[in-house]
Amino acid sequence: MAAAARPGPGAEELALLEKLLGLPEGNKYGVQGERKVPVLQTNNSPGLTGLMTIAAHLVKQAKKDQLLGSTAEEKAVVQQWLEYRVTRVDGGSSKEDTRIILKELNIHLEDKVYLAGNIFTLADILMYYGLHRVMVDLTVQEKEKYLNVSRWFNHIQHYPGVRQHLSNVIFIKNRLYTNAH
């Protein structure tokens, strides 16, 4: 189970999360396998594998368990969106996959501020990091088509400490056109 020396996108996200959580830097991240699964290399244990596992570990290490949800239902919803992130967002590679993901998220976020409802969680953080490259490439019209995703994304990117060195994605506040004839 050797990990590659060069970190992949998941490892970079974990370093961002570590900083956001106020943890001291110094964890060593690597990747393993074809899918570049993140690995946290530790001195005294075999190491942790997988974005969700390591992220949850960091949250607990920072004593910010509220990011994992407070109630059993919230915890399940957070877990569901973390799984969605790893299986659908990271697994999707085509433009059609991206379109379906944005459509599903847009419907889900229609009546919600955050992925888990009304609370900011680890799911929002990791989904933001996972979608950043997608949102950067969207046209103004595409951002308008997925208005709920755009609203959510813009809100998360302005949440203190989340964006860090990632580029600010610009959203136009007023609509360029309306459906009125």
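About the criteria used
Residues numbered from 1 in each chain as written. Predicted model: local features only at pLDDT ≥ 70, side-chain atom pairs only at ≥ 80, totals over all residues. Heavy atoms only, no water. Pairing = 2+ DSSP bridges. Helix = DSSP H or I, 4+ residues; strand = E, 2+ residues; numbered from the N terminus. Buried < 20%, exposed > 50% of the residue type's maximum accessible area, 1.4 Å probe, protein only. Contact = heavy atoms within 4.5 Å.

Further remarks concern the sheet that holds strand S2 (residues 37-41). The antiparallel open sheet is built from three strands, whose spatial order is S1-S2-S3. The open sheet is flanked by strand S1 (28-32) and strand S3 (48-49), the only strands paired with a single partner.

Bringing the side chain of Thr121 into the picture now. Mapping Thr121 onto the fold places it in the loop between helix H4 (95-108) and helix H5 (122-137). The exposure class of Thr121 is buried, given its relative accessible area of 0%. When sequence neighbours within four positions are dropped, the list of residues in contact with Thr121 reads Leu67, Val78 and Ala116.

Moving on: the environment of Ala123. Here Ala123 lies in helix H5. Residue Ala123 is classed as buried on the basis of its relative accessible area, which comes to 1%. For Ala123, the contacting residues outside a window of four places in its chain are Val78, Trp81, Leu82 and Leu115.

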